[in-house]
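Examining the three-dimensional arrangement
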Amino acid sequence: MLRFTKMNGAGNDFILFDNRTGSIDLDRSQIAQLCDRHRGIGADGILLLERPTNHADFRMRYFNADGGEAEMCGNGARCFARFANKVSEQKPKISFETPAGVISAELKGNLVTLQMTEPTDLGLNIDLPMAAENKTVHFINSGVPHVVIAVAKIDDADVRCDGATIRHHKMFSPNGANVNFIEKRGPNKIAIRTYERGVEDETLACGTGIVASALIFGANEKSSSPITVLARGGDELQVGFEKVEGNFRNVTLTGPAEFVFEGTIQI
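Read on for an overview of the structure.

Reading guide: rules and limits
- Residues numbered from 1 in each chain as written.
- Predicted model: local features only at pLDDT ≥ 70, side-chain atom pairs only at ≥ 80, totals over all residues.
- Heavy atoms only, no water.
- Helix = DSSP H or I, 4+ residues; strand = E, 2+ residues; numbered from the N terminus.
- Rg over C-alpha atoms; globule rule 2.2 N^0.38 Å.
- Buried < 20%, exposed > 50% of the residue type's maximum accessible area, 1.4 Å probe, protein only.
- Contact = heavy atoms within 4.5 Å.
- Areas by Shrake-Rupley, 256 points an atom, 1.4 Å probe, with all protein chains shown as cover.
- Lys, Arg positive; Asp, Glu negative; His and termini not counted.
- Charge placed at Lys NZ, Arg CZ, Asp CG, Glu CD.
- Core = buried A, V, L, I, M, F, W, Y, C linked by side-chain atoms within 4.5 Å.
- Phe/Tyr/Trp six-rings, centres within 6.5 Å; stacked < 30°, edge-to-face > 60°.
- Lys NZ or Arg CZ within 6 Å of the ring centre and 35° of its normal.
- Salt bridge = Lys/Arg side-chain N within 4 Å of Asp/Glu carboxyl O.
- Disulfide = S-S within 2.5 Å.
- Polar contact = N/O pair within 3.5 Å; in protein donor to acceptor, adjacent residues only side chain to side chain.
- Arc of directions from axis to C-beta.

**Observations concerning the overall build of the chain**
Across its full length, the chain carries four helices and 18 strands. Expected size for 267 residues packed as a compact globule is a radius of gyration near 18 Å; at 18 Å, the chain falls within 12% of this value. When the 267 residues of the chain are sorted by exposure, 54% land in the buried category. Contacts in the chain between residues far apart in sequence, at least 24 positions, make up 60% of those at least 6 positions apart. Just so you have it, the chain exposes about 11,900 Å², and 45% of that area is on carbon and sulfur atoms. If you average the places of the 29 positive and of the 34 negative side-chain charges in the chain, the two averages end up 2 Å apart.

**Thoughts on the nonpolar core**
Considering soluble globular proteins, one finds that nonpolar side chains tend to be buried as a cluster. In terms of nonpolar packing, the biggest core is built from 50 residues, with Phe96, Leu114 and Val239 touching the most fellow members. Apart from residues no more than four positions distant in its own chain, Val239 is found in contact with Ile210, Val211, Ala214, Leu215, Ser225, Pro226, Ile227, Val229, Val251, Thr252 and Leu253.

**Section: the packing of aromatic side chains**
Overall, the coordinates contain five aromatic pairs when judged by the stated rule. Taken together, a centroid distance of 4.8 Å and an interplanar angle of 55 degrees make the contact between Phe80 and Phe96 tilted. Taken together, the positions of Phe80 in helix H2 (residues 74-87) and Phe96 in strand E6 (residues 93-98) put the pair 16 residues apart, joining distant regions of the chain. The exposure class of Phe96 is buried, given its relative accessible area of 0%. Judged by centre distance (5.4 Å) and plane angle (90 degrees), the ring pair of Phe241 and Phe248 falls under edge-to-face. Each member of the pair Phe241 and Phe248 is classed as buried. Lying across the ring of Phe259, Lys86 places its NZ or CZ 4.7 Å from the centre.

**Considerations on the pattern of salt bridges**
For the coordinates displayed, the defined rule picks out 20 salt bridges. Glu262 serves as the salt-bridge partner of Arg3, at 3.1 Å between the closest nitrogen and oxygen. Of this pair, Arg3 sits in strand E1 (residues 2-9) while Glu262 sits in strand E18 (residues 258-265), placing them 259 residues apart in sequence. On the accessibility criterion, Arg3 (55% relative accessible area) is exposed. Taking the relative accessible area as the measure of exposure, Glu262 reaches 39% and is therefore partly exposed. Across the pair Lys91 and Asp57 runs a salt bridge whose closest N-O atoms are separated by 3.3 Å.

**What to know about the state of the cysteines**
Working definition of a disulfide: a covalent bond connecting the sulfur atoms of two cysteines. With the rule as written, the count across this model stands at zero disulfides. Cys73 forms no disulfide, and the closest cysteine sulfur to it belongs to Cys206, at a distance of 6.4 Å.

**Things to note about the side chain of Asn75**
Inspection of the secondary structure assignment puts Asn75 in helix H2. For Asn75, a relative accessible area of 0% puts it in the buried group. Within polar-contact distance, the side chain of Asn75 engages the side chain of Asn12 at 3.3 Å. Looking at Asn75, its side chain comes within polar contact range of the main-chain oxygen of Ala205, at 3.4 Å. With residues up to four places along the chain from it excluded, the contact list for Asn75 reads Gly9, Ala10, Asn12, Phe14, Ala205, Cys206, Gly207 and Leu237.

**Brief notes about helix H3 (residues 159-167)**
Taken together, the buried positions of H3 are Val159, Gly163, Ile166 and Arg167. Taken down its axis, H3 places every buried residue within 100 degrees of arc, on the same side. Lining the buried residues of H3 we find strand E9 (120-128), strand E10 (135-141), strand E11 (145-150), strand E12 (178-186), strand E13 (189-196) and strand E14 (201-203).

Rendered as structure tokens:
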């Protein structure tokens, strides 16, 4: 029997386990079963809180719903911060290591501000060959790789079909990329829909996708910080940044992280 906590960050939902003893060792099929919304708890992914291997307070491991481990998850990281705060010393500021680097978090009620790792591999106006027509896309790694596409109307975007095609496009092989569709809502505001690899479907929010999309929008529109991003689940998040010689520094993501319920499950 494993004790778990269910949380969500802007509608992106997760199962969290305290694994500081190192006794939890889940395989891909067990993770997929836990995340199954009909036969399990139901979630977009699983987060394990573990002891750090470096100077950070904790170690965060994130697994997508298909059982594959990913480098980073922005919405998950906010949930992880509140979960770590609850089960430990309850410090308002904590740090945790991820494969994408050390993340720091500051808690203010149910809001969490993450100090993100510096983004890499910025590429604007990439010509992406598609079966029907070529698309102009943008790319950035905000902890995980993200493609960003500007659309006129966010509700008309074929997120599931186009997202799946681009996610598996040979240009982004072998690991693939998440795919974000954004609509300009003002000089410093966008709406977003995201197709997430690992989940292999549209999710209500994607933290690293929100960061990636805000930075791409900021680069193309020359917008100032912060940028407000309206997620599909209805929450608004803020992305802060500094521009230094064409690069982004001091990137932050602020948004909600909420407890849903706790329980035990046998696997």
